[in-house]
Amino acid sequence: AFLTAGYVLRSELGRKGHEPEKAWDMVFMAVIGGILGAKIYYMFLNFDRLVADPMPLILARGGLVWYGGFILASALVLREVRRSKLPMLSAMDASAPALALAYAGGRIGCFLGGDDWGRPTGSWVGGRFPQGSPPTRVDFIERDFGITVDPALVEKFGQVVPVHPTQLYEVAISTLIFLFLWRIRKQDRRAGWLFMVWLALAGAERFAVEFFRAKDDRFFGALTLAQVISLAIVAGGMAGMVQLSGSPKGSAR
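Described below are features of the structure shown in this document. A quick note: this is a predicted structure, and the numbers were derived from the prediction, not measured.

Observations concerning the overall build of the chain
The helix and strand tally for the chain stands at 11 helices and 0 strands. Listing every helix and strand of the chain by position from the N terminus yields α-α-α-α-α-α-α-α-α-α-α. Taken against the 2.2 N^0.38 rule, which gives 18 Å for 253 residues, the C-alpha radius of gyration of the chain at 20 Å falls within 12% of a compact globule. The principal-axis extent of the C-alpha atoms belonging to the chain is close to 65 × 40 × 30 Å. Across the 253 residues of the chain, 44% fall into the buried class. Considering only intrachain contacts with a sequence separation of at least 6, the fraction spanning at least 24 residues in the chain is 68%. In the form shown here, the chain has an accessible surface area of approximately 13200 Å², with 65% of it arising from carbon and sulfur atoms.

Digging into the pattern of salt bridges
Note on pairing: side chains with opposite charge can pair once their charged atoms come close. Applying the stated criterion across every chain yields a total of 12 salt bridges. The salt bridge partner of R213 is D116, with a shortest N-O separation of 2.9 Å. Taken as a pair, R213 in the loop between α10 (193–210) and α11 (225–243) and D116 in the loop between α6 (88–113) and α7 (138–145) lie far apart in primary sequence, 97 residues in all. A relative accessible area of 5% means that R213 is categorised as buried. R143 is the partner of D144 in a salt bridge, and the nearest nitrogen-oxygen pair spans 2.8 Å. Owing to a relative accessible area of 59%, R143 belongs among the exposed residues under this scheme. Among the charged side chains, a network of salt bridges with common partners joins R107, D116, E170, R206, E210, R213 and K215.

Notes on the packing of aromatic side chains
Under the criterion given, the structure shown has 10 aromatic pairs. On the numbers, 5.5 Å between centres and 20 degrees between planes, the contact of W66 with F70 is stacked. Remark: F70 and W66 occur in helix α5 (residues 66–83); sequence separation between them is 4 residues, near one turn of the helix. Judged by its relative accessible area of 27%, W66 falls in the partly exposed class. Here the aromatic rings of W66 and Y103 are separated by 4.7 Å at their centres, their planes lie at 70 degrees, and the arrangement is edge-to-face. One end of the pair, W66, is in helix α5; the other, Y103, is in helix α6, with 37 residues separating them in the sequence. Accessibility expressed as a relative area gives 10% for Y103, which makes it buried.

As for helix α9 (residues 166–184)
The end-to-end C-alpha distance of α9 is 27 Å, a good match for the 27 Å that 19 residues give at a rise of 1.5 Å each. Residues of α9 that are buried: T166, Q167, E170, V171, S174, I177, F178, L181 and I184. Along its buried surface, α9 packs onto α1 (2–15), α6 and α10.

Describing a nonpolar patch on the surface
A surface patch of nonpolar side chains, amounting to about 380 Å² of accessible area, comprises F28, I32, L36 and I40. In this structure, L36 sits in helix α2 (residues 22–45).

Some details on the packing of α2 against α5
Where α2 contacts α5, the two axes come as close as 6 Å, and the packing angle between them is 150 degrees. The angle between α2 and α5 falls in the class roughly antiparallel. The interaxial crossing formed by α2 with α5 has right-handed handedness. Residues D25, M26, M29, A30, I32, G33, G34, L36, G37, A38 and Y41 of α2 form the contact with α5, whose own contacting residues are Y67, G68, G69, L72, A73, L76, V77, E80 and V81. Grouping the amino acids of the contact of α2 with α5 by side-chain chemistry returns 13 nonpolar, 5 polar and 2 charged.

Side note on empty space enclosed by the protein
For the structure on display, the rule yields 1 cavity of 30 Å³ or more. The calculated volume of the largest cavity comes to roughly 120 Å³. For the largest cavity, the lining is made up of 14 residues, of which W66, W198, A202, G203 and E205 are closest to its centre. The set of elements that each furnish at least two residues to the lining of the largest cavity consists of α5, α6, α9 and α10.

A closer look at the nonpolar core
Generally speaking, soluble globular proteins have nonpolar side chains that are buried together. Formed by 39 residues in total, the largest nonpolar core has its most connected members in L9, M26, L181, F195, W198 and L199. Breaking this core down by element, the ones donating at least two residues are α1, α2, α5, α6, α9, α10 and α11. Counting residues per element, this core draws most heavily on α10, at 8 residues. Setting aside its immediate chain neighbours within four residues, L181 contacts A96, P97, A100, L194, V197 and W198. Among the nonpolar cores identified, the runner-up in size contains 11 residues, and I141, V149, V161 and V163 belong to it.

About the thresholds
- Residues numbered from 1 in each chain as written.
- Predicted model: local features only at pLDDT ≥ 70, side-chain atom pairs only at ≥ 80, totals over all residues.
- Heavy atoms only, no water.
- Helix = DSSP H or I, 4+ residues; strand = E, 2+ residues; numbered from the N terminus.
- Rg over C-alpha atoms; globule rule 2.2 N^0.38 Å.
- Buried < 20%, exposed > 50% of the residue type's maximum accessible area, 1.4 Å probe, protein only.
- Contact = heavy atoms within 4.5 Å.
- Areas by Shrake-Rupley, 256 points an atom, 1.4 Å probe, with all protein chains shown as cover.
- Salt bridge = Lys/Arg side-chain N within 4 Å of Asp/Glu carboxyl O.
- Phe/Tyr/Trp six-rings, centres within 6.5 Å; stacked < 30°, edge-to-face > 60°.
- Expected span 1.5 Å × (residues − 1).
- Patch = residues over 30% accessible without salt bridge, like charges linked within 9 Å, V, L, I, M, F, W, Y side chains within 5 Å.
- Axes fitted to C-alpha atoms, helices over the stretch in contact; angles between N-to-C directions.
- Parallel < 35°, antiparallel > 145°, perpendicular 65-115°, else oblique.
- Left-handed = near helix turned anticlockwise from the far one by under 90°.
- Nonpolar A, V, L, I, M, F, W, Y, C, P; charged D, E, K, R; others polar.
- 1 Å grid on protein atoms, 1.4 Å probe; cavity = no way out; pocket = protein on both sides within 12 Å on 5 of 7 lines; lining within 4 Å.
- Points joined across faces, edges and corners; volume = space filled by probe spheres on them.
- Core = buried A, V, L, I, M, F, W, Y, C linked by side-chain atoms within 4.5 Å.

Okay, structure coming up:
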């Protein structure tokens, strides 16, 4: 996912007349911020486990949350952009298609690892992850996510039940977002507008898919913490689109 982002970002920086190799400095900061931020966010969500027995949680191979990674990676990448003296809004626009495609690539990894799957379903789209992280076993689903599994599913499939492959939903939607951004990226718009479009679309995508995911962070009624953050991101993206919707005169490419 990081390499995909780097090659797309390198292409876009070059097209905009900036130093293409700066892309790899930005990606390097994204790797550091993405992994650390994702782990810190996960520990925040599991603070009781962190206090009770910190080392297994800190050193676990899993436990990475996208929004945590996005927040810290964004801060470090923007710092690198400023240090490199790149036009901030132009660099953000260059990163928008890269982020969309990289996110799709990352979710392929989630699918292959059997992680971040959805709620149990008897639909034809359902898939089972007997060796997932965790496996889609009835005891894990009911204990870890507080979801009561339909007895008809247990009768039909046994203790390993099919679930919504939400990883693939996100791969498909994020790839479509990438294709859309790639198509409109050369439109004569003010710098920063394309990034705001990605922000709004990415937030809406995550908000929608969360309804299908097996989650234990539904702190806001039917909504998860990720959905509340998604709504804020959608609002920020739409506000930015409106703010930057005027004439591109005098703005950076």
